Amino acid sequence: MQTERGQWSSKIGFIFAAAGSAIGLGNIWRFPYVVGENGGAAFVLLYIFFVIVIGLPYMFAELALGRSSQRNPVGAIDAIKPGSTWKWAGYLGVLTGVGILSFYGVIAGWTVGYIYKMAVGNPGGFNEYISDPWLIILLFAFFIALTALIVHGGVEGGIERWSKILMPVLLILLISLIIYSNTLEGSGKGLAFYLKPDFSKITGKTILAALGQAFFSMSLGMGLMITYGSYLSKKENIISGAIYIGMFDTLIAIMAGLIIFPALFAMGESPEAGPKLVFVIFPKLFAQMPGGLIVGAFFFILLSVAALTSTISLLEVPVAFMVDEKKANRKRIVWIVAALTFIIGIPSALSQGASDFFTNFGLIPARLTSPDFLSQMSFVFGDFSLAFGAFILSIFIGWVWGANKASDEIQTGAPGFSKIRPLWIFMIRFFIPAVVFIILLNLFGVFD
Ligand code: PHE
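Computed from a predicted model, the values in this text were never measured in an experiment. (Residues numbered from 1 in each chain as written. Predicted model: local features only at pLDDT ≥ 70, side-chain atom pairs only at ≥ 80, totals over all residues. Heavy atoms only, no water.)

## Regarding helix H3 (residues 41-69)
Every α-helix winds through 3.6 residues per turn, so residues three or four apart in the chain are directed the same way. The end-to-end C-alpha distance of H3, which contains 29 residues, comes to 40 Å, matching closely the 42 Å that a straight helix rising 1.5 Å per residue would cover. Along its length, H3 shows its largest kink, about 40°, at Val 51. The buried fraction of H3 is high, at 24 of 29 residues. After H3 finishes, the residue Gln 70 shows a positive phi value of roughly 55°. (Helix = DSSP H or I, 4+ residues; strand = E, 2+ residues; numbered from the N terminus. Expected span 1.5 Å × (residues − 1). Bend = angle between axes of the 7 residues up to and from the residue. Buried < 20%, exposed > 50% of the residue type's maximum accessible area, 1.4 Å probe, protein only.)

What follows is the structure, given as structure tokens:
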């Protein structure tokens, strides 16, 4: 990513940045708890299905729109259909970036706090920890400021180099933890919960949760891939890039589950703990391991880095929009958006016990999500808004820009695309918008 509009220095630079955006708390924190809340293996299968038939083809479309227009989501739409209301899909994306960052930064703050907790040998007491208002707000502010600092200063030098080293390390650590967790007594039941599907557990809510999680985890539906695609050169292969990103992203999420569920059942905990799930299970796991607290501190460092490459991308969307469209000064606008996001995030920070009001907020009905403000934000911006955004954008790309023009763009640099071109056109024009639409209607109880 660059401080000015330019191009990725290399294909690998793009893959790392986009994979860095995709891989984050969504894989290691959010995926396991939504799997837990939605009944396990059947949800996992549904999730993988959505990644392949909706996430990937839709990702081609966002990348193509970005590369072709060389603009942020609002500017990209405006370049194709100047002055039209379609632009609102772009605004929605910008808003969604801020909305997601506002609660995501809170969890990222928890992660940083756990580096310290593990290092000083105090892995327990999670509930007291997250209900301490000042501590949690401070950690949240720290993480948002760190994100702003990096987006402010440009990313190539520091974060990209570090994430190239640290992400493979994360992979190795996850593999070791899978092995350890599955040797615990009683872990087999967890593995069964995670891998043996019980399809009676699939409901309307589960289906949207799986679709939402696929969009969330792959950073789709809010124009992030439009923005990152806008820095991509015509020589690059959109198809193979997207497939790499989708594969890595899914792999890391699946691995996180392979650690969490066996450990969870071995420890006799409930899979339905919600957002706190991994923060309870991982520390317990480390506490039992010989030398585990050091490993634990190290694990939370890696998780913080993974979160940081995602928060950077979340901040980049509104910033790119303000710089391109409103001619804002990049260095200044970074801090303004960050400060705004911080303020919006305070209720989420207080919603895990610190404030009764935000803990039992419950504006969105309980059949859809938990009452705490953070879960409600996660539902509105992390599930609904991404799915809705993807619905509008797929129609825009398939019909307004035109599936043929979009296909030509994808095919530039990816000659092999010609084989699946008709199939892709069908997907972007009919299949994706129809499936997403039905799932959204279902959410509003239309089929009840
Ligand atoms: N994909 C990121 C994660 O899984 C979150 C994210 C969503 C980032 C949308 C950018 C855009 O952690």
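## Points about the packing of aromatic side chains
Per the counting criterion, the structure on display carries 37 aromatic pairs. Arranged with centres 6.2 Å apart and planes meeting at 20°, the rings of Phe 279 and Phe 300 form a pair that is stacked. One end of the pair, Phe 279, is in helix H13 (residues 277-288); the other, Phe 300, is in helix H14 (residues 292-326), and 21 residues separate them in sequence. In terms of burial, Phe 279 and Phe 300 fall into one category: buried. Aromatic rings pair up to connect Trp 110, Tyr 114, Phe 126, Tyr 129, Phe 279, Phe 282, Phe 286, Phe 299 and Phe 300 into one cluster. Between Arg 30 and the ring centre of Phe 216, over which it is positioned, the NZ or CZ distance is 4.2 Å. We note Lys 117 situated over the ring of Tyr 114; from NZ or CZ to the ring centre the distance is 5.5 Å. (Phe/Tyr/Trp six-rings, centres within 6.5 Å; stacked < 30°, edge-to-face > 60°. Lys NZ or Arg CZ within 6 Å of the ring centre and 35° of its normal.)

## Considerations on the site of the ligand
In the vicinity of the ligand lie 14 residues, with Ala 22, Gly 26, Tyr 104, Phe 216 and Ser 219 positioned nearest. At 3.3 Å from an oxygen atom of the ligand is found a main-chain nitrogen or oxygen belonging to Leu 25. Separating an oxygen atom of the ligand from a backbone N or O atom of Gly 26 is a distance of 2.8 Å. When isolated, the ligand has an accessible area of 330 Å², and the protein chains bury 100% of it. At the level of secondary structure, the elements contributing two or more residues to the shell around the ligand comprise helix H1 (11-22), helix H2 (25-37), helix H10 (204-217) and H14. Considering only residue class, the shell around the ligand consists of six nonpolar, eight polar and no charged. (Near = heavy atom within 4 Å. Polar contact = N/O pair within 3.5 Å; in protein donor to acceptor, adjacent residues only side chain to side chain. Areas by Shrake-Rupley, 256 points an atom, 1.4 Å probe, with all protein chains shown as cover. Nonpolar A, V, L, I, M, F, W, Y, C, P; charged D, E, K, R; others polar.)

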